[in-house]
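Here's the letter readout for the chains.
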Amino acid sequence: MSLPTRPLAVTINGHRRGPIDVPEGLMMIDVLHEMLGLTGPRLGCGIGICHACVVIWDRDDRTSEEVRTCITGAHFFEGKSIRTIEGIARRDDTGRVLALSPVQQAVLDKFSFQCGYCTPGFVMAATVLVERLARVPVPRSEVEATVSAALEPHICRCTGYVRYYQAVRDVILATPGLTRDAG
Ligand code: FES
Ligand code: FES
């Protein structure tokens, strides 16, 4: 017996993928891993808690948000535009990485990770945060709390939280336009 399928077309990292036939009810992480070869979003808990599996959904209103792909059916993404960790660095036409994003570079410089399993999720969360602050800057005095609130849903089993938080805070403080004077 074969499962009923439905076509799925998604723009991923700026490239339209599909339509491909995807079984009804299949979670997006399975499509990314098994059908599209994108294994950067990590399967951790599989039940929506650890956030290792997130992708960024780029909404039509130009805002972005994290979506957990282990608990979100693939067809939710029909016609949508998303980014995976593979699409965060700047690449040339052959796919070679030209430059890491500021968040990726800071995470590397700070050596924020240990095993690295949770790293894609943290990078996606920080990327969404940086993009939000570019639209709505926060007072410098609120950066620490803002970073904590954004990263708090992400679980690191190696307990490497401190350097993630420091890396993201440093990027925000060093990037013009993300913060404003209080008042
Ligand atoms: S694997 Fe998706 S939230 Fe843990
Ligand atoms: S670095 Fe190992 S789970 Fe976070």
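Residues numbered from 1 in each chain as written. Chains lettered and ligands numbered in written order. Predicted model: local features only at pLDDT ≥ 70, side-chain atom pairs only at ≥ 80, totals over all residues. Heavy atoms only, no water.

Peer 1: Looking at this structure, I do not really get the overall build of the protein. What am I missing?
Peer 2: Secondary structure assignment for the protein yields five helices and nine strands. Shown N-terminal to C-terminal, the secondary structure of the protein runs as helices and strands in the order β-β-α-β-β-β-β-β-α-α-β-α-α-β. The C-alpha atoms of the protein give a radius of gyration of 17 Å, which matches the 16 Å a tight globule of 183 residues would have. Look at the contacts in the protein between residues 6 or more apart in sequence, and 58% of them connect residues 24 or more apart. Just so you have it, the protein exposes about 9800 Å², and 53% of that area is on carbon and sulfur atoms. (Helix = DSSP H or I, 4+ residues; strand = E, 2+ residues; numbered from the N terminus. Rg over C-alpha atoms; globule rule 2.2 N^0.38 Å. Contact = heavy atoms within 4.5 Å. Areas by Shrake-Rupley, 256 points an atom, 1.4 Å probe, with all protein chains shown as cover.)

Peer 1: Looking at this structure, how should I read the sheet that holds strand β4 (residues 64–68)?
Peer 2: Strands sit in the order β2-β1-β5-β3-β4 across an open sheet of five strands; the sheet is mixed. Here the strands that pair on one side only, and so sit at the sheet edges, are β2 (15–23) and β4. Neighbouring strand axes in the sheet, compared pairwise and without regard to direction, differ in orientation by 40° on average. Relative to strand β5 (residues 81–83), strand β1 (residues 5–12) is paired through two bridges, and the arrangement is parallel. When the sheet's bridge partners are listed, Thr-11 is paired in β5 with Ser-81. Taken strand by strand, helix α3 (residues 119–135) contacts β3 (54–58), β4 and β5, and its axis lies near 155° from that of β4. (Pairing = 2+ DSSP bridges. Axes fitted to C-alpha atoms, helices over the stretch in contact; angles between N-to-C directions.)

Peer 1: In this structure, what is going on with the domain arrangement of the protein? I would like to understand it.
Peer 2: How big an interface is tends to be stated in terms of the accessible area lost upon association of its parts. The domains assigned to the protein are domain 1 (5–87) and domain 2 (94–178). Placing a centre on the C-alpha atoms of domain 1 and another on those of domain 2 gives a separation of 21 Å. Each partner contributes residues to the interface: domain 1 has 19 residues there, and domain 2 has 16 residues. Buried area between domain 1 and domain 2, summed over both chains or domains, comes out near 1500 Å², and the portion from carbon and sulfur atoms is 60%. The three residues of domain 1 that bury the most area against domain 2 are Arg-42, Glu-66 and Ile-85, which together make up 34% of that side's buried surface. (Domains from an automatic or database assignment. Buried area = accessible area lost by both parts, 1.4 Å probe.)

Peer 1: How do you make sense of the environment of Ser-148 when you look at a structure like this?
Peer 2: By the secondary structure assignment, Ser-148 is in helix α4 (residues 143–151). Between the C-alpha atoms of Ser-148 and Arg-169, which are 21 residues apart in sequence, the distance is 9.3 Å.

Peer 1: Even after reading the chapter, I still don't get the pattern of salt bridges, so can you show me in this structure?
Peer 2: When the charged atoms of two side chains with opposite charge come close together, those side chains can pair. Applying the stated criterion across every chain, the model contains eight salt bridges. One salt bridge connects Arg-59 with Glu-65, and the closest N-O pair in it is separated by 2.7 Å. Looking at Arg-59, the relative accessible area reads 32%, which means it is partly exposed. Put simply, Glu-144 and Arg-169 hold a salt bridge, and the shortest N to O gap is 3.7 Å. (Salt bridge = Lys/Arg side-chain N within 4 Å of Asp/Glu carboxyl O. Buried < 20%, exposed > 50% of the residue type's maximum accessible area, 1.4 Å probe, protein only.)

Peer 1: Teacher, can you tell me more about the side chain of Ser-101 here?
Peer 2: For Ser-101, the position within the fold is in the loop between β7 (97–99) and α2 (102–109). Residues in contact with Ser-101, not counting those within four places in the same chain, are Ile-88 and Ala-89.

Peer 1: Is there a simple way to explain the packing of aromatic side chains in this structure?
Peer 2: Going through the model one piece at a time under the given rule, you end up with six aromatic pairs. Between Phe-76 and Phe-77 the ring centres are 5.1 Å apart and the planes differ by 90°, which places this aromatic pair in the edge-to-face class. Here Phe-77 falls in the buried class, since its relative accessible area comes to 0%. Ring centres of Phe-122 and Tyr-161 lie 6.2 Å apart, and the angle between their planes is 65°; on these two criteria the pair is classed as edge-to-face. With Phe-122 in helix α3 and Tyr-161 in helix α5 (residues 161–174), this pair connects stretches of sequence that are 39 residues apart. For Phe-122, a relative accessible area of 2% corresponds to the buried category. By relative accessible area, Tyr-161 is classed as partly exposed at 27%. What links up through ring pairs into an aromatic cluster is the set Phe-122, Tyr-161, Tyr-164 and Tyr-165. Here Arg-42 stacks its cationic end above the ring of Tyr-117, 5.4 Å away from the centre of that ring. (Phe/Tyr/Trp six-rings, centres within 6.5 Å; stacked < 30°, edge-to-face > 60°. Lys NZ or Arg CZ within 6 Å of the ring centre and 35° of its normal.)

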